[in-house]
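# A closer look at the structure
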Amino acid sequence: MLDIEARERIIVAIDCGREEALDLAGSLRGHASWLKVGMTLYYAEGPSIVREFKDRGFKVFLDLKFHDIPHQVRGAARSAALAGADLLSVHGCGGAAMLAAARNGVDEASQTSGLERARLVAITVLTSMDQAALAQVGVEDPVAEQAARLALLASSNGIDGIVCSPQEARSMRELLGEDALIVTPGVRPAGAELGDQSRVATPAAAIDAGASHLVIGRPITSASDSVAAYEAIVAELTAAQS
């Protein structure tokens, strides 16, 4: 399996306004390696927030979940990669042509900038969705089957990995192999509130199941001491991996 140290596994989700985001980044600087920028922050601040985090030494997961016609997704992926994002998300249900277009976009950005290519992960089934929610949008197959279908579609069209819940991580690792990125939201330290997540696991359990990266937001960002909360998760993962 991918040999990744604990700090490289944790992606801190920064889903707030600019000033709070910069304060959190300042606190976590020198501790965290990765920050996630989602729609709330990106739509308010644009590409500049990615560059500001990069300037502070962070890697950035720009989680905009591209889902549009292939031409638009190609351009969006290219622009996001040129803004400095290290990792981008795209909806697996957008289809083969759209997924391939996303890969073309980040390839073009790398050729233009001369920098390492941004990696791509496909959304399989949102971690806020359960079987009933899937049925409401016309998907009657079990969550695991839908996730596997979209994972294989993404893998065969140049996508580096997937986003899935911790419950699907083990089967996704077996399906996609050792080198695939498997990014899992829905990670909550023992005793933390679930929030709007339906399918969750502790950090150590998610890694043991096959996740390469963990997206963790509120248990860190809403803690009274964000650095202490982050370091406690690092300690948990380090102990579990030793």
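Just above, that's the structure.
This report concerns the structure included in the present document. It should be emphasised that the depicted structure is a prediction, and the values quoted were computed from it without experimental measurement.

### A short note on helix 2 (residues 18-28)
Taken together, the buried positions of helix 2 are occupied by Ala21, Leu22, Leu24, Ala25 and Leu28. In an axial view of helix 2, the angular spread of the buried residues amounts to 160 degrees, which keeps them on one side of the axis. Of the exposed residues in helix 2, the ones pointing more than 90 degrees away from its buried face are Glu19 and Asp23. The inward-facing, buried residues of helix 2 contact strand 1 (10-14), strand 2 (34-37), helix 3 (39-45), helix 4 (47-55), helix 11 (218-221) and helix 12 (226-241). Looking at the residues trailing helix 2, positive phi occurs at Gly30, about 90 degrees.

### Examining the pattern of salt bridges
Evaluation of the coordinates by the stated rule reveals 18 salt bridges. Glu19 is the salt-bridge partner of Arg18, the closest N and O atoms lying 3.7 Å from each other. For Arg18, a relative accessible area of 28% translates into the label partly exposed. Of the charged contacts, one joins Arg119 and Glu116 as a salt bridge, the two residues approaching to 3.8 Å between their closest N and O atoms. Given a relative accessible area of 69%, Glu116 falls into the exposed group.

### What to know about the environment of Phe61
With respect to the helices and strands, Phe61 occurs in strand 3 (residues 59-66). Distance from Phe61 to Ala118, taken between C-alpha atoms, is 9.5 Å for residues 57 residues apart in sequence. Look past the residues within four positions of Phe61 in its chain and what remains in contact with it is Ile11, Trp34, Leu35, Lys36, Val37, Leu87, Leu88, Ser89, Val121, Val183 and Val215.

### Topic: the sheet that holds strand 7 (residues 181-184)
In spatial order, the strands read 1-2-3-4-5-6-7-8; together these eight strands close into a barrel with parallel pairing. Put simply, the sheet's adjacent strands are angled 25 degrees from each other on average, direction ignored. As judged from the three bridges shared by strand 1 and strand 8 (residues 213-216), these two strands associate in the parallel manner. When the sheet's bridge partners are listed, Ile10 is paired in strand 8 with Leu214. Along the sheet, helix 5 (residues 70-82) makes contact with strand 3 and strand 4 (87-91), crossing strand 3 at roughly 165 degrees.

Parameters and conventions
- Residues numbered from 1 in each chain as written.
- Predicted model: local features only at pLDDT ≥ 70, side-chain atom pairs only at ≥ 80, totals over all residues.
- Heavy atoms only, no water.
- Buried < 20%, exposed > 50% of the residue type's maximum accessible area, 1.4 Å probe, protein only.
- Helix = DSSP H or I, 4+ residues; strand = E, 2+ residues; numbered from the N terminus.
- Arc of directions from axis to C-beta.
- Contact = heavy atoms within 4.5 Å.
- Salt bridge = Lys/Arg side-chain N within 4 Å of Asp/Glu carboxyl O.
- Pairing = 2+ DSSP bridges.
- Axes fitted to C-alpha atoms, helices over the stretch in contact; angles between N-to-C directions.

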